[in-house]
Every structure is written in structure tokens, then in C-alpha cells.
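What follows is the residue order along each chain.
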Amino acid sequence: MPRGSVEPACRVHTAFDRLFAELSLMPNVRFPRVFMLLVLLAASRTYVAVADTPDVPLALTGGRLLTQTDQGEFVGDIVINKGKIVAVGTKLDIPQDARRIDLRGQTVTPGLIDARSVLWLTPAAIREAASDGRLNVLDGIDPLAEDWREVARQGVTAVYVQPSGNLGGSGAVLAVAPGKSIGDLVIRADAGGQATLGTTGTSTTSRDRFAQYDRLKKAFEAAKKYGEQKRQFAEYQAKQKRAVDDAKKKAAEAAKKKSTDDQHKQTDAAKKTGGSDESNKKSAASTATKSPPEPTPDPAKEFLLKLLARKVPLRIEAHREDDIAHAYALADEFHLRIVLEGVSYPRKQLGQLVQRRTTMVLGPVLQLEGSASYRRGRGDQWLTSLTDHDSRWALATFGQQPRTSRLLRVQAAAAIAQGVSPEHVLRSITRDAAAVLGIDDQLGTLAVGKRADIAVFAGNPLEPATPVRLTLSRGKVVYEASSPPSPPAPLHRRAANVDLPPTLPATFALKSTRILRKGTWRSGQVLVRNGKIAPVRAGQKLPSKISVYDLGDAPITPGFLVAHSDLGAASSIDDQSVPDASNIQAGDAYDPSDPDVTKLLEAGFLRVGFAPGSANVVAGAVCRVRLGAADPIRGKPCAIKFVLAGSARSTERFPGSLAGQVNFLRGILETRGTLDRDGLRDRVFAPPAIQQAQRDARQQPIVSVLRRQSTALFQANSPTEIRAAIQLIEGFKLRGVLVNPDEIAPFIDDLVRLDIGVIARPVRVSDYDRYLDGLAAASAAGVPIAFGTPSSEEPRITAAMLVNAGMTGEAALAGLTSGGAKLMGMPDNTCELISGANADLVVWNGSPLNLGCRPQAVIVDGKLAFAAAEQGESESQSPASTAPLELVTSE
């Protein structure tokens, strides 16, 4: 292997060796062994410094190539030289001096493209807006920003960025790679003009939105007028120049006719006929018309002229029907090339979209950064209604944070879950995205002559759980895994749709080749009798009177668990008058008709650790809830929640600091729940019996925690809060679990030693990779990980991203099922398909860790609680690939 290919990685390790040596000399500083190992592991994720790599040919051999060209898909090789692809195919003649990278078992695609991002933009540039087209996004680029590293790690090699506002200005396509200057990053400048209709300002009424349309129209009218003035002045100047040239020509002809006998006379004649330039100009000026005014140079209008000349497309974000109509009115009046963004509610304009074959940039499919009013309630058919036709579109994250682009594959998987074919989705972030951005001559396909922006995956590129092996930008390695990542456990092909009867019999069986039992996938059947799971042996023949529904390859799992969630009811639960709410039980506020509960059930989550909010140091009791059940809350609370996070601190009441929280909580635990700090308790005058009952209600949960009969949840976010929580858990020998820690890598040794579990918060778009890397490292060390959130999508997203970061699929599924239940102190058969357990199960159309799959049926107490509606026709779920459910009668 050429020396230059490993030198940058070696340099990284050398730098970290020096860092560790310096840290070891620091007094009173303790760095756990696992933390040091994790930091070294992060260093070995070689974001290879491309500048030092020798410019020698590079050969990617033996990979499964998804070329996105007429060549289709095949196992073959790619040869790269001087930043370009020079050969693609099988049995290629690879140069002898080429560096070879063996990609057998890996999948190779063109580098992924996010068609709407804010990567590289400074915070000020993200906020800056205009309504006259004066902004150039390149003026807001920070080429030294480091956010590109997280994005490149997910296979994204190019992003489109643009200004903001009603008419912001010029956008550009940028590379996801290191650069010393803005010029190093630019793939195409002036790649689009930015405009919005109905998304800025108030935009709540049709009048407001029409005013935005009117401003756009006036801006283009002014630019058109400016262009006409430029044209008139240019024509005047050209006419003047022609007049001067004609005068010169006439003078020269007159001079030739003069006699050459007397040179002096010839000279005089030439002067009389105006042979000088000055006299020619005067002669031309005497016959010229009045000069039109010269327009003052205006860069904003100059850019708008490019849009009017159709050299650059105008990208208009428009969601509502009337805004889309206004966009078409602008396009027709000014003959613009338009690209529509968003398109959430086209309604009657859908016909126009199809007829005009309008180019679109669509997204986000999942609202991961809040949901704007114009995107709410789009429904599952929104995307397929726009993409089922012969349309050209690109998928984008529409990120509000620079690192949002790393979740492009999450958005792609969500598009597949809504019914768009995987092939179409992959094109929308490669070939079609390049075409929409006008860079299809450079990017988007694995073809000779194209820029060598390439992504290599350990499996299916459209499954976010699949890690990236290699990312190349212009033929240089910008991300390389420290070692070839092992592909996740086989996620199998998507199963055919299932169609269970709306009323299931009291006794029935579900048969599948994939049933999740005790953490592993097995072939067999699940027997349900009177709402409970009944025992059945492998291969056992059931009586003929029992209906057996053969689901083929459709996976069957227990109902999933959200280990910690307030279900959006924190304001109804929390009593902020005192910091000790140990007598509060979250289950008292449970509302089975809440829309969030319905969404969780339809997403396959049938168990929730229903917790109070985070406003009090002693937040209250956590109850276990069975979603969809007739009797959703049974038994005693499973845990009590303590809060050391800033949300429980206040300057208006005690405690106002972390030290105060720790001392208060220590006092509660030392007095077994009887602490009365300055009359904080029992302020209500009541008979002694009632006061005693209130004291008992507060004391009982604390005693249960001290006896390890229930779990102590500690919400602690920062490292200081986490350290305090660990000290309390160790000091009082509690069965402790950390909730929502932001960074646990430095504490892994303590978590293992004290058998402390973790409930992970959802991954945020602003997170650095170290958050997921820390959780994955903790899981590898034996720390149980569960998932908490009020959202129906976020637990699976976080689980998939953790598998991407190195967690095993088995550990992720355990955290979503029985492992998370055990962590919360729930009964042993919770979230298990074992005899005697409640028949609460989910039938999926693919692996639950594949975000492109979703529940097809949800069964609670042996009854069908939810059945997925048929999605829009796609290649993965077309009639040809959708087999009817086979009802088998046992012999």
C-alpha cells in the first residue's frame, strides 16, 4: 500500500499519543480506561487528511456498484485518477501503481446529495434574509467549519445551500470535504435563485401570501426594466461606435482620392475632411440621437437577469395551493425556469404539477426540527401523490442546523416507509438530485468522466443502520472507517403486505419465518388464546379448528417499549410549588385518546414508562402503561424519577443550584422521605389522619427505591450532573438508571461497575458523533441501553443510528423490548413473546431496525388494534409483489 495512504491516520494517532501523555501528567484528573479507549477509537475513525495523499490512481475493487446509469447494478471495479472516474466495469486493467481498496461485500453508490442544506453557513448567514435578491450565499460560507465531518461519515458528498427570505438571492452547490478557501468547496455557483411564497413573515392569510407574490412580481418587473435600460444604453453605445467607425471609413476613402503629388496638400485635405478621431467623433455626435440614461450597476438585478434569461432556475418554496398557483403565474409571466420546494398541499394544483412535469425538491419527510404550520398534517400519501408520476424530484433534509444533512438517509428511509420505491428514492439523492441542481455533468452517477464523489456502505445504503465504510470527494478519501465495518445483521427483504381479518378469533396462531423471541429471530408460530400467548413447541401441529395465518417472511415482534416519556402531559402532571412531588403518579394523567398515544400504538409501541415531567427534583412515580389495552395501568409504579438537570432548578424557589439539588435529594433519601426543609411539606391545613396519609404517600416510593424494589431514574444531562447522580446511586446502593445523559463516555467504567443502565434521549440534529459513539461504546461494555421520547419515530431512529455507530442489532432490539423492560423493573414477561404474556405483538413488513419498514398490524390482548392502509403503488409494494395472506388450516 502506498505510504501516503496511511500517513494521515498515523499522524492522528501520534497527536493523540502526545495528548494522552500530557493528560497523564495533569494532577487530580482521572480519565477512565474505557473513555481513553473511546477517544482513541474516535481518533482512528480516519477523517483522512486528503491534501497529503499522493496523486496516484485509486482502484475500488470487487464492490456491488449501484451506478445509477444504464449499466445498472453489478459487481465490479472503479478506477479513479486525478479526481475523476476513468473506468467502471468488470475485469478492468488496473494500473500497477494504483492504490487498491478491496470492497468485496460492500455496496458502492455515487456520493449522496442533500438538495437543501445549511452546511458551511455561519449562524448569521442562516438567519440573514432579503426580499430583493441581493444576497450571495457564498458570502456566508465558513470554509474552516468542521461540521462536514459528521456529514461525510454518512456518505453525503455534496449539498445545496441558499439564502433566506421572500427573494434571498443566489444559491450554490458545495462539496462535503475539507477546504482552505471557499473556492475549494464550490462545485457550482449560481446554482439557483431562492424565493418563498407563504413561508416567511406571518403568511397566515391569503392576503399576506398574495403580498409576498406581489413583491416577487415587482422585483422581476424592476429587473426586467433594468435589463431594458441596459439594452437601450448598450444599443445606443453600439450605434455611436458604428457612427464613428463609418466616419473614419469615409475619411480614409476620401484621402485615397487625393493626389499624392503634394504631400502637404494631401495632409490639408485630410484635415478638412475630418480625418482625425476627434473630428470623426464630432461628426458622429452631430448626427446621433439623445443618449438614454446609463443605469446604475445593481448586482441584485444582474442576478435576477440570469433568472429571466433562464440561465439559472428560480427555486420557490411553496406549500399551499394558492402559493403554488402564484409560482406558476410568475413562471408564465416572466418565462422562468422554476423548481418548487416543499409542495405540502398541492390539492387542485396537483394536475398542473403532473402536466408541466415540474421539477421539485421535497422534504423533510420526518419533522426532526419542529413542524412549521404549512407542513403539518400532510398525511402518509403526500409524498407518493407527488412522486408516482413521471416527475423529476430530489429529496432534501431542509436542515436548520449544519449537521442535519447527516440524516439524509433517515429521510430517505422515511420516504420508502411512505411507499416510494427504494430505486426511486436512491435516484432522488444521487442522479436526480444532480440533475435538479444542474450538476449532472459532474455528479450523480458512477460513470467515466464524472467527478469521483463516491460512498461505500457495509450493506443497504438506504438503511440508516448501515455504517459507511468509505467516503470519497474528488477522488480523495474524506472519511474511512478505522476497519471495514461489519454489516448489520441481515435485515432481509421487505415482506408482502398482510391482511388480517378485522376480528380475530379467540384462539389463533401467526406463522412466520421471523419471530423475535428472547432477542433472536426464529422461525415458528405464535399461538394466542384468550388474549394471552399460549405455549407451542417448534414444529407442533395445531388442531384443525385453530386458524393459522401464514405471514411468510413478515417479522413478528413483541410490542415495543418507550422506557421514559411524559407523553406530552408534563404540564398536567408536575406541581411546581415544592421540589418534592414524590406523591405524584404520572399514571393519573394518562389519556388513552391522546393523539400522541395513538401515534405510538400505530408505530408499534405498546408499552410506555409513563413519567412525570422534569420540573421537580423528586418528580414522582413512573407508571407502566399498556397502550390500547382495556385496563392500561396495572400494578404499582415501576420507578421513581429524580431530576438533577437544570429544568428542576429555579431562582424563585429552592433549590437554585445543582449543589442544592444534590443536598435536597440526599436529605430525602437519608430520612427515607420524611425530610421537611423549612416547611416545604404539609403546608395545607388538614386533619392529622389526612396529613399522615400524605406523608405515607410521599414516603412509600422513597422506601421502595431504597429497598431496590423499584428503579431510581436520574435525569442528568451534563457531565457534572451525571457524576452527581452516580455518586448518589453508589452511596445509597440504588438500582439506578440515567435518563437523557448527553455524554456518557467518561463514565462507562462506573456504569459497568455499579450496573447502571441508560435511557437514551433521541438523537438531535445538532449532536456531534460523540453522543452516539459514547452510547455504542457503553453498550459494547455491557451497559444496557433503552430509549425514551414522546415521539413515535424517534426511538427507532436513535436505535438505527446507534447500530450505525457500532451497537449490535441484538442490543438495539433488546433496548426496544425486554431489555428496556428489565431496566425499568417491569415484570419478566413484559415485551416478550413467551407463554403467559399478554398477546401484545406487532407484524412488520421488514426489519424494525430498517426505518423504511413499518408495522402492518398491531395486536393488543389478541385483538387487532391497528392495520396499515395500503400505500401508494411502488415497486416494493406493487400488486405484483404483494401476495395475499394465506390462511392455513392445520392438519
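For the structure itself, consult the block above.
Quick summary incoming for the structure in this document. It should be emphasised that the depicted structure is a prediction, and the values quoted were computed from it without experimental measurement.

Before going further, it helps to spend a moment on the pattern of salt bridges. For the structure on display, the rule yields 40 salt bridges. The residue Arg770 makes a salt bridge to Glu743 at a minimum N-O spacing of 3.9 Å. You can see Arg770 sitting in helix 22 (residues 769-780) and its partner Glu743 sitting in the loop between strand 28 (736-739) and helix 21 (748-754), a full 27 residues away along the chain.

Another aspect to go through is the nonpolar core. When a protein is soluble and globular, its nonpolar side chains tend to lie buried together. Among the nonpolar cores identified, the biggest contains 166 residues, and Ile316, Leu340, Phe642 and Phe714 are the most heavily contacted of them. Once residues within four sequence positions are removed from consideration, Ile316 is found in contact with Ala195, Leu197, Ala327, Leu330, Ile338, Val339, Leu340 and Glu341.

For the rest of this paragraph, the subject is helix 17 (residues 595-602). Listed as buried for helix 17 are Val597, Leu600 and Leu601. What you see down the axis of helix 17 is that its buried residues fit within an arc of 100°, all on one side. Of the surrounding elements, those touching the buried residues of helix 17 are strand 23 (560-565), strand 24 (605-610), strand 32 (855-860) and strand 33 (863-867). N-capping of helix 17 is provided by Asp594, with a side-chain oxygen placed 2.7 Å from the backbone N of Asp596. Gly604 sits one or two residues past helix 17 and shows a positive phi near 95°.

Taken in spatial order, the eight strands of this open sheet run 23-24-25-26-27-28-29-30, and their pairing is mixed. The outermost strands of the open sheet, each flanked by one partner alone, are strand 23 and strand 30 (785-787). The mean angle between the axes of side-by-side strands here comes to 25°, regardless of whether they run parallel or antiparallel. Taken together, the four bridges between strand 24 and strand 25 (residues 618-626) define a ladder with antiparallel strand orientation. Residue pairing in the sheet places Val608 in a bridge with Val625 of strand 25.

Calculation notes
- Residues numbered from 1 in each chain as written.
- Predicted model: local features only at pLDDT ≥ 70, side-chain atom pairs only at ≥ 80, totals over all residues.
- Heavy atoms only, no water.
- Salt bridge = Lys/Arg side-chain N within 4 Å of Asp/Glu carboxyl O.
- Helix = DSSP H or I, 4+ residues; strand = E, 2+ residues; numbered from the N terminus.
- Core = buried A, V, L, I, M, F, W, Y, C linked by side-chain atoms within 4.5 Å.
- Buried < 20%, exposed > 50% of the residue type's maximum accessible area, 1.4 Å probe, protein only.
- Contact = heavy atoms within 4.5 Å.
- Arc of directions from axis to C-beta.
- Polar contact = N/O pair within 3.5 Å; in protein donor to acceptor, adjacent residues only side chain to side chain.
- Pairing = 2+ DSSP bridges.
- Axes fitted to C-alpha atoms, helices over the stretch in contact; angles between N-to-C directions.

The analysis is restricted to geometry; functional conclusions fall outside its scope.
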